[in-house]
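Architecture and fold: a report
Each chain, written out:
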Amino acid sequence: MSATPLPPGSTIGILGGGQLGRMLALDAARMGYRCHIYCPEASAPAAEVAAAATVAAYDDAEALAAFAVAVDLVTYEFENVPAATAATLAAKRPVEPSPKVLEICQNRLKEKRFLTELGLRTAPFAAVDSLQDLQAGLAKVGTPAVLKTTQFGYDGKGQRLIEDPADAAAAFADLGRAALILEGFVTFAYEASVLVARNALGEVACYPLVENRHRDHILQSTHVPAPASAETAEAAEDLARRIAEGLELRGLIGVELFVLADGGLLVNEMAPRPHNSGHWTIDAAVTSQFEQCLRALCGLPLGSAAPLGPAVMENLLGNQVERWMEILADPRAKLHLYGKGEARPGRKMGHVTRLLPPAPESKSRAR
């Protein structure tokens, strides 16, 4: 994509029809853009609020060709879009973040190698294509360790904890016996993330470091800001900028981190699209992550990533969505529901963000 801005009135194609696409399409409409959703699922949450939708498989050549003709720019709302799909569309329309970025971020092994080449710290890891590789990897990183598929894993899927080398064969067979990565277990103080956007002109904007609390590998809540020192918060933003520049990113990326007891940082994963831990920005930042993503994708000036104050975002999982009336009774609560039908256990049905009173020290600074 050139540095020439994509003007309002243009159509943005979004691969994927989930809640991230829904919130992206809502902000796009407010900014004067049309969105066209492409996904295999009928009645997708994003399609309900978009100008157009195509329901087709990601390898449907005819549908992809028609989709490319109908849009001016293509992006994605989740990173498990087949790389071949992105490459096919990139031959016809700008695809951002680039297929190269997608390829790195959707493969845990390529991702770890990219990060280490940038000089960033990660958990110790080893490539696993055979049981012998796994045994050698366990000798290198020790136990406990986590064996993961290199692709198509999220919210704890495609992972097996190995607490004893004797469990190696069963874990290897369980995950399909090939294209795996072994990661050493990391002792950390808490999990965190930072969002960074970069546009075609190389302008970069980082959101502050936030703390993420998980249950059963699924994000439960995000706390703004993270309980980090100024040095750790600054280091997190610095590494996010290095990642965005190293990827030559055009768009927005979520960088998941482990914060160590001494304030050190390990990079866990990257997501080249809006991130669940950034939902607080809709109500508690000058510019939401979705607007910022669109600004970066369309070659527009980036907005301010400053928070409006401390906040907590809570995911509504499964039947927690039934608390909607209770949530709306709280005058501080901002409720967001995703329009999904069945409330399955662990399924992200919506979220709620609450702005909190400023910390006492923040009040004294304001005076």
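Numbers given to residues run from 1 along each chain, matching the order in which its sequence is written. Thresholds applied to this predicted model are a pLDDT of at least 70 for local features of residues and 80 or more for the giving and counting of side-chain atom pairs; totals over whole chains, interfaces and linings are not thresholded and use all residues. Side-chain numbers come from the whole structure's heavy atoms, not from hydrogens or water.

**Regarding the nonpolar core**
In plain words, nonpolar cores are sets of buried Ala, Val, Leu, Ile, Met, Phe, Trp, Tyr and Cys residues tied together by side-chain atoms within 4.5 Å. Remark: exposure states derive from per-residue accessible area (1.4 Å probe, protein chains only) relative to the maximum for the residue type, with buried under 20%, exposed over 50%, and partly exposed in between. Core analysis: the biggest nonpolar cluster contains 56 residues, and Ile 12, Leu 15, Tyr 33, Tyr 38, Leu 89 and Trp 280 have the highest contact counts within it. In what follows, residue pairs with any heavy atoms lying within 4.5 Å of each other are defined as contacts. Ignoring any residue separated from it by four or fewer positions in sequence, one finds Tyr 38 in contact with Ile 14, Leu 15, Gly 16, Thr 54, Ala 56, Ala 57, Tyr 58, Asp 60, Ala 63, Leu 64 and Phe 67.

**Considerations on the pattern of salt bridges**
Opposite charge on two side chains permits them to pair, given that their charged atoms come into close proximity. Here, a salt bridge means any Lys or Arg side-chain nitrogen found within 4 Å of an Asp or Glu carboxyl oxygen. For the structure on display, the rule yields 18 salt bridges. The closest approach of N and O atoms between Glu 183 and Lys 148, which form a salt bridge, is 3.0 Å. With a gap of 35 residues between them, Glu 183 in strand β8 (residues 180–184) and Lys 148 in strand β6 (residues 145–149) connect regions that are remote in the sequence. On the accessibility criterion, Glu 183 (5% relative accessible area) is buried. Where helices and strands are cited, they refer to DSSP runs of H or I of at least four residues and of E of at least two residues respectively, numbered from the N terminus.

**Description of a negative patch on the surface**
Put simply, a patch holds well-exposed residues, over 30% relative accessible area, that have no salt bridge, with like charges counted together within 9 Å and Val, Leu, Ile, Met, Phe, Trp or Tyr side chains within 5 Å. Note on areas: these come from Shrake-Rupley sampling with a 1.4 Å probe, and a residue is covered only by the protein chains present in the view. For the purpose of charge, His is not counted, nor are the chain termini; Lys and Arg are scored as positive and Asp and Glu as negative. A charged residue contributes its charge at one atom only: NZ of Lys, CZ of Arg, CG of Asp or CD of Glu. On the surface, Glu 231, Glu 234, Asp 238 and Glu 245 cluster together to form a negatively charged patch. Structurally, Glu 245 is set in helix α8 (residues 230–246).

**So, the side chain of Thr 75**
When you line up the elements, Thr 75 lands in strand β4 (residues 73–76). Judged by relative accessible area, which is 2%, Thr 75 ranks as buried. A polar contact is formed between the side chain of Thr 75 and the backbone oxygen of Glu 96, at a distance of 2.8 Å. Among all residues touching Thr 75, those that are not within four sequence positions of it are Ile 12, Gly 13, Ile 14, Leu 15, Leu 24, Glu 96, Pro 97 and Leu 297. In the analysis that follows, any N or O atom pair within 3.5 Å is treated as a polar contact, provided that within protein one partner can donate a hydrogen and the other can accept it, and provided that, for residues neighboring in sequence, both atoms belong to side chains.

**Describing the packing of helix α1 (residues 19–30) against helix α10 (residues 289–297)**
A fitted line through C-alpha atoms represents every axis, and for helices the fit uses only the stretch in contact; the resulting angles, taken between N-to-C directions, go from 0 to 180 degrees. Between α1 and α10, whose axes approach to 9 Å, the crossing angle comes to 70°. For the element pair α1 / α10, the angle class is roughly perpendicular. Along this stretch, α1 crosses α10, giving a crossing that reads as right-handed. Across the interface between the two elements, Leu 20, Met 23, Leu 24, Asp 27, Ala 28 and Arg 30 of α1 pack against Phe 290, Glu 291, Cys 293 and Leu 294 of α10. Think of it as three bins: nonpolar holds Ala, Val, Leu, Ile, Met, Phe, Trp, Tyr, Cys and Pro, charged holds Asp, Glu, Lys and Arg, and polar takes everything else, Gly as well. Of the residues that constitute the contact of α1 with α10, the class distribution is seven nonpolar, no polar and three charged. Angular relationships are summarised with four words: roughly parallel below 35 degrees, roughly antiparallel beyond 145, roughly perpendicular across 65 to 115, and oblique for the angles in between. Note on convention: the crossing is left-handed when the near helix lies turned anticlockwise from the far helix by less than a right angle, right-handed when the turn is clockwise.

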